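Below are the chains, spelled out letter by letter.
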Amino acid sequence: MPTEPLRILIAGGGIGGLCLAQGLRQAGADVAVFERAPTAAGFREGYRLHISPEGSHALHTCLPADLFAAVAATSGRPPRAMSFLTERLGELLSVEVLADDTEPDPVAAHRSVNRYTLRRILLQKLDDIVRFGKECIGYERHGDNAVTVRFADGSTAEGNLLIGAEGGHSAIRAQFLPHAERVETGMVSIGGRLPLTTETRRLLPRHLDRGPISVLAPRGLSMFIATHQAVIAEAYRHLAPPDAGDCVVWGFTGPSDRMPVAGRSGEELRRLVIDHLRGWDPRLRRLIEHSDSGSINAISIRTAVPVKAWPPSNVTVMGDAIHSMPPSLGVGANIALRDAEILTQKLSAVYCGELPLLQAVGAYENEMRQYGFAAVRASNRALKQSATTGAFSFAATKAALRILNALPPVKKRVFQ
Ligand SMILES: Cc1cc2nc3c(=O)[nH]c(=O)nc-3n(C[C@H](O)[C@H](O)[C@H](O)COP(=O)(O)OP(=O)(O)OC[C@H]3O[C@@H](n4cnc5c(N)ncnc54)[C@H](O)[C@@H]3O)c2cc1C
């Protein structure tokens, strides 16, 4: 038990905040989560999420065994490779992530998960600590051991430590680190999905059998495509979304000055993507045509700007609230889960009376700034590469990928 009572307040019940709440609850901590959405049913964002071995390991650390088993049981077929193709579907590079004859490590596996299902699992056993309809708007610190968080409905809550986990638009970060900027990258992404049927299977490049593909095209355009195929046992069916079923998800990325997405309907966004597919393999165009217009939406891609170290206090931040990044590498949620794992470990030590609070927060922040901002830089580099508009540099990128592909030992070393 801690030498002093320790109440931990988490602003935001997203992937990172809920995973942390699970970890802290397992450690016996006194924790409360304040989520803006009015109810759990309000979460309908996104569809498929790639969980890396690091993200999977964090879930294993923080979740009770039965909930981790639910994540494993509801995960889709594990990806075996990641491929980069041209817009005519010629192979540029294919990287193996799991050999065909190997079973994934149950703890640290690459996973394809459904966002809705993951959130439902993360919410289990937390009924008494997650408060819905609580939009955090700011806080007041009272020395190093007390903090009051304020909500849009005029109410407040008291604790010893406040953790901002409310995603990219974090109000806690805005007050705590006002110099930590989040800026436009000049790129937008339009995403959608379609059911995986006998007919739509025929449209899929063969590389998709082994894992996601990234299509690199001239003039700064790119397209990510992945399948989510899950056989969910009866015992876990209640965790699947109402529109469950095997599906193909895609994301089309391009410069915002040539892709005006603001205020456009799903149908208008579909047309916008199709207009940019001239000269592409016709199967890709048909994939877009077969997508349900209700599933098509757009985001303007923004990124955090890394900031220098700050002195630790009893307010901190995690996940997209501090290191939001372009989705180009599909790692943002995994980094948020890693934050949750490290915070769980450091705060458990405080709870056991082994570490003073500010020392634990500082140790977390030192680690988090390293890997979190490294992931922001890497995601921005990947976005820039796929956004190459010059014909010469695009040809050079393609040539480099083809050379790497032709040298398996070098490829293995680079991607290890
Ligand atoms: C198209 C796309 C694809 C992606 N694919 C992947 C992928 O495959 N793998 C991967 O690792 N990452 C992926 N990401 C990134 C990933 O979605 C984010 O990094 C991740 O969701 C961040 O988790 P978080 O808990 O920090 O924030 P969030 O998941 O955004 O959760 C924040 C929570 O806080 C709540 N909230 C917001 N404001 C307030 C407030 N003021 N008060 C209280 N609550 C509030 C929100 O309702 C939400 O529940 C993708 C992102 C995009 C856009």
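Up top you'll find the structure we're talking about.
A few points on the structure.

About the cut-offs
Residues numbered from 1 in each chain as written. Predicted model: local features only at pLDDT ≥ 70, side-chain atom pairs only at ≥ 80, totals over all residues. Heavy atoms only, no water. Near = heavy atom within 4 Å. Polar contact = N/O pair within 3.5 Å; in protein donor to acceptor, adjacent residues only side chain to side chain. Areas by Shrake-Rupley, 256 points an atom, 1.4 Å probe, with all protein chains shown as cover. Helix = DSSP H or I, 4+ residues; strand = E, 2+ residues; numbered from the N terminus. Nonpolar A, V, L, I, M, F, W, Y, C, P; charged D, E, K, R; others polar. Core = buried A, V, L, I, M, F, W, Y, C linked by side-chain atoms within 4.5 Å. Buried < 20%, exposed > 50% of the residue type's maximum accessible area, 1.4 Å probe, protein only. Contact = heavy atoms within 4.5 Å. Phe/Tyr/Trp six-rings, centres within 6.5 Å; stacked < 30°, edge-to-face > 60°. Lys NZ or Arg CZ within 6 Å of the ring centre and 35° of its normal.

A word on the site of the ligand
In the vicinity of the ligand there are 29 residues, among which Gly16, Glu35, His50, Arg115 and Asn334 approach most closely. A distance of 2.8 Å is found between an oxygen atom of the ligand and a backbone nitrogen or oxygen belonging to His50. Bound to the protein, the ligand loses 81% of the 1,000 Å² it would expose on its own. Looking at which element gives the most residues to the shell around the ligand, the answer is helix α10 (residues 332–351), with 4 residues. When the residues that make up the shell around the ligand are grouped by side-chain class, the tally is 11 nonpolar, 10 polar and 8 charged.

A look at the nonpolar core
Counting 75 residues, the largest nonpolar core has Ile8, Ile10, Leu59, Leu118, Leu162 and Leu347 as the members making the most contacts within it. What Ile8 contacts, discounting residues up to four positions off in sequence, is Leu24, Ala29, Asp30, Val31, Ala32, Leu161, Ile163 and Leu347. One finds Leu208, Val273, Trp280 and Leu287 within the second-largest nonpolar core, a separate group that totals 30 residues.

With respect to the packing of aromatic side chains
Applying the stated criterion across every chain yields a total of 3 aromatic pairs. Pairing Phe176 with Trp310 gives two aromatic rings, centres 6.3 Å apart and planes at 85°, and the pair type is edge-to-face. Separated by 134 residues along the polypeptide, Phe176 in helix α5 (residues 171–176) and Trp310 in the loop between β16 (297–304) and β17 (315–317) bring together distant segments of the chain. Take Phe176 and Trp310: they sit in the same class, and that class is buried. On the basis of an interplanar angle of 45° and a centroid distance of 5.7 Å, the ring pair of Phe252 and Trp280 is categorised as tilted. Remark: Trp280 occurs in the loop between α7 (266–275) and α8 (282–290) and Phe252 occurs in strand β15 (residues 247–255); sequence separation between them is 28 residues. Of the two residues, Phe252 and Trp280, neither departs from the other in class, the shared state being buried. In this arrangement the basic side chain of Arg369 is found over the ring face of Trp310, its NZ or CZ atom lying 4.4 Å from the centre.

A short note on unusual backbone geometry
With a phi close to 70°, Leu89 is a non-glycine residue in the positive phi region. Of note, Leu89 is situated in the loop between β4 (81–86) and β5 (91–96). For Leu89, a relative accessible area of 13% translates into the label buried. Positive phi, close to 60°, is recorded for Arg219, a residue that is not glycine. With respect to the helices and strands, the residue Arg219 is situated in the loop between β13 (213–217) and β14 (221–228).

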